[in-house]
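# Breakdown of the fold
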Amino acid sequence: MDVHMHRPTTNSKHFVDALGAFWPGLQVLMGDLKPAIEQHEVLYQIMKRHNFLPEAVTADFQVHWGQHLLRPEFVESTYFLYKATQDPYYLEVGKKVLKSLQKHARVTCGYAAVKDVRTLQHEDRMDSFVITETFKYLYLLFAKEEDMFLDISQFVFTTEAHLLPLTLARLSNSTAVPVSDDFFYDEDEDVEYEMACPSTRYMFPGHDTLYAGAASLRKPLESLVEDSCPTKRILKRKLTAPEFQSTSEEHLKLVRDMGITIITLPDGRVQLLHTFANAKTPEDGEEGLMFMQEMIDLSRQQSTNTESPPKLVSFKIDGQRHQLQAGPAQFGKDLKNGLTATGKVVMANHVRGCGGSLQNGESMWGKIVIVERGDCMFVEKARVLQSLGAIGGI
């Protein structure tokens, strides 16, 4: 957790952000290998739970900000831990990161940021650090020494993954660089010592290998996140998006409990806004996220459906036939190949035709009912008319 500079025992925030995932890598460079292994393992457990590391998590590992911008810091620390330990465990961590990127972030022209790790909805952005840092560290993690075109061990990475030669440590701030190939310098014992690694026998007494020592640190932490914030529970759904009816008071109350605000637009369309903090309970908030994702999926299905060509509405007034073009609904029978809906016409009263507002329902049996757009969705108007025996609606 971030702390106040002059009060290091006091937290400055009640959450941890994803940028802090660089810290285990810095600990490795300072030789603090044990705490680096432990801190990285906690981050990895959070990452496994959500497929990605959320932009911020609370002290009990709840999602604070669900966004994931494909940041490099976690991969950076994974790379440094592998270089320090050569433990294949960190190759598996990198493999998990790659699989998540390929499965959940890959799009036609690159990799898209994730708007919320709980819904895995994409965001229309790909920051420059994805290529210059995230992919660079992933490449270095899996690359073999013979595949490298320079000796990485002779360089140190800046916080933006730029390479600085270690020879700069032997030069004063007034020395001109770069130096010639035949540049000669006296050996600096302090610098050479700083390039040495800590003794694994000293760090992990009682373990034959570095792998075993590192595993002994990870073992107590492998279920820390899950025990603090369990996910392997079945969430009993109260309402799914396909079941939702905007005219049902019960449904409206359920979505409000989920933290969803419903706004009816002037043209009759309905806009849904979800705020996790407004949910009645955390479980309702989670169901709200799933409900919103289902709504997004439904809208995508509608947008990918092939548009139906206009149909003809034909009617007579005083013996004279009139014909108008009309757009068919995206539900119900497909009026083609000679299939028609024919009947007498009746005007809905109330004209909007939403549930609970109709006063002339008994006159709609076997008729085509004319309604006005607004107050509820078209599909809701159709359900109301169908329940009253109408054969169609305009």
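Look above for the structure.
This write-up is about the structure you can find in this document. (Residues numbered from 1 in each chain as written. Predicted model: local features only at pLDDT ≥ 70, side-chain atom pairs only at ≥ 80, totals over all residues. Heavy atoms only, no water.)

Judged by side-chain polarity, Phe22, Trp23, Leu26, Leu29, Met30, Val156, Leu164 and Leu168 come together as a nonpolar surface patch covering roughly 710 Å² of accessible area. Take the nonpolar patch: its biggest share by element is three residues, from helix 1 (residues 23–29). Among the secondary structure elements, Val156 is positioned in strand 10 (residues 155–157). (Patch = residues over 30% accessible without salt bridge, like charges linked within 9 Å, V, L, I, M, F, W, Y side chains within 5 Å. Areas by Shrake-Rupley, 256 points an atom, 1.4 Å probe, with all protein chains shown as cover. Salt bridge = Lys/Arg side-chain N within 4 Å of Asp/Glu carboxyl O. Helix = DSSP H or I, 4+ residues; strand = E, 2+ residues; numbered from the N terminus.)

Let us now look at the sheet that holds strand 3 (residues 15–17). Here we have three strands laid out as an open sheet, ordered 3-4-5, and antiparallel in their pairing. Edge positions in the open sheet fall to strand 3 and strand 5 (63–65), since each of these has one partner strand only. Strand-to-strand, the axes of this sheet are offset by a mean angle of 30°, without reference to chain direction. Both strand 3 and strand 4 (residues 56–58) contribute to a ladder of three bridges, which runs antiparallel. The partner of Val16 across the bridge, within strand 4, is Val57. (Pairing = 2+ DSSP bridges. Axes fitted to C-alpha atoms, helices over the stretch in contact; angles between N-to-C directions.)

Moving on to the pairing of strand 14 (residues 311–317). Alignment of strand 14 against strand 15 (residues 320–326), held across seven bridges, turns out to be antiparallel. Looking across to strand 15, one finds that Leu312 is bridged to Gln325. Between strand 14 and strand 15, which pair antiparallel and follow one another directly, the connecting turn spans two residues, one of which, Asp318, has a positive phi of 55°.

Another aspect to go through is helix 5 (residues 129–142). Helix length check: helix 5 (14 residues) gives 19 Å between terminal C-alpha atoms against 20 Å at 1.5 Å per residue, within 8%. All of the buried residues along helix 5 are Phe129, Val130, Glu133, Thr134, Tyr137, Leu138, Leu140 and Leu141. (Expected span 1.5 Å × (residues − 1). Buried < 20%, exposed > 50% of the residue type's maximum accessible area, 1.4 Å probe, protein only.)

This brings us to the packing of helix 2 (residues 33–50) against helix 4 (residues 89–105). The contact between helix 2 and helix 4 brings their axes to 12 Å, and the two run at 30°. With respect to helix 4, the axis of helix 2 lies roughly parallel. Relative to helix 4, the crossing made by helix 2 is left-handed. Residues Ile37, His40, Glu41, Tyr44, Met47 and Lys48 of helix 2 touch helix 4, and the partners they reach there are Tyr89, Tyr90, Glu92, Val93, Lys96, Val97 and Ser100. (Parallel < 35°, antiparallel > 145°, perpendicular 65-115°, else oblique. Left-handed = near helix turned anticlockwise from the far one by under 90°. Contact = heavy atoms within 4.5 Å.)

Right, let's talk about the sheet that holds strand 16 (residues 345–347) for a bit. Strand order in the open sheet made by the three strands is 16-17-18, with parallel pairing throughout. Each edge of the open sheet is held by one strand with a lone partner, namely strand 16 and strand 18 (392–393). Here strand 17 (residues 368–370) pairs with strand 18 via two bridges, running parallel. From the neighbouring strand, Val369 faces strand 18, where its bridge partner is Gly393.

On to the packing of aromatic side chains. This model, assessed by the stated rule, comprises twelve aromatic pairs. Relative to Phe157, the ring of Tyr79 has its centre 6.1 Å away and its plane inclined at 90°; by these criteria the two rings are edge-to-face. Placement of Tyr79 in helix 3 (residues 73–85) and of Phe157 in strand 10 is noted, with a sequence separation of 78 residues between them. Across the pair, Phe157 and Tyr79 agree in class, each one buried. Judged by centre distance (5.2 Å) and plane angle (75°), the rings of Tyr111 and Phe135 are edge-to-face. Taken together, the positions of Tyr111 in strand 7 (residues 110–111) and Phe135 in helix 5 put the pair 24 residues apart, joining distant regions of the chain. Connected via pairs of aromatic rings, a cluster forms that spans Tyr44, Phe74, Tyr89 and Tyr90. Of note, Arg218 hangs over the ring of Tyr89, and the distance from its end group to the ring centre comes to 3.7 Å. (Phe/Tyr/Trp six-rings, centres within 6.5 Å; stacked < 30°, edge-to-face > 60°. Lys NZ or Arg CZ within 6 Å of the ring centre and 35° of its normal.)

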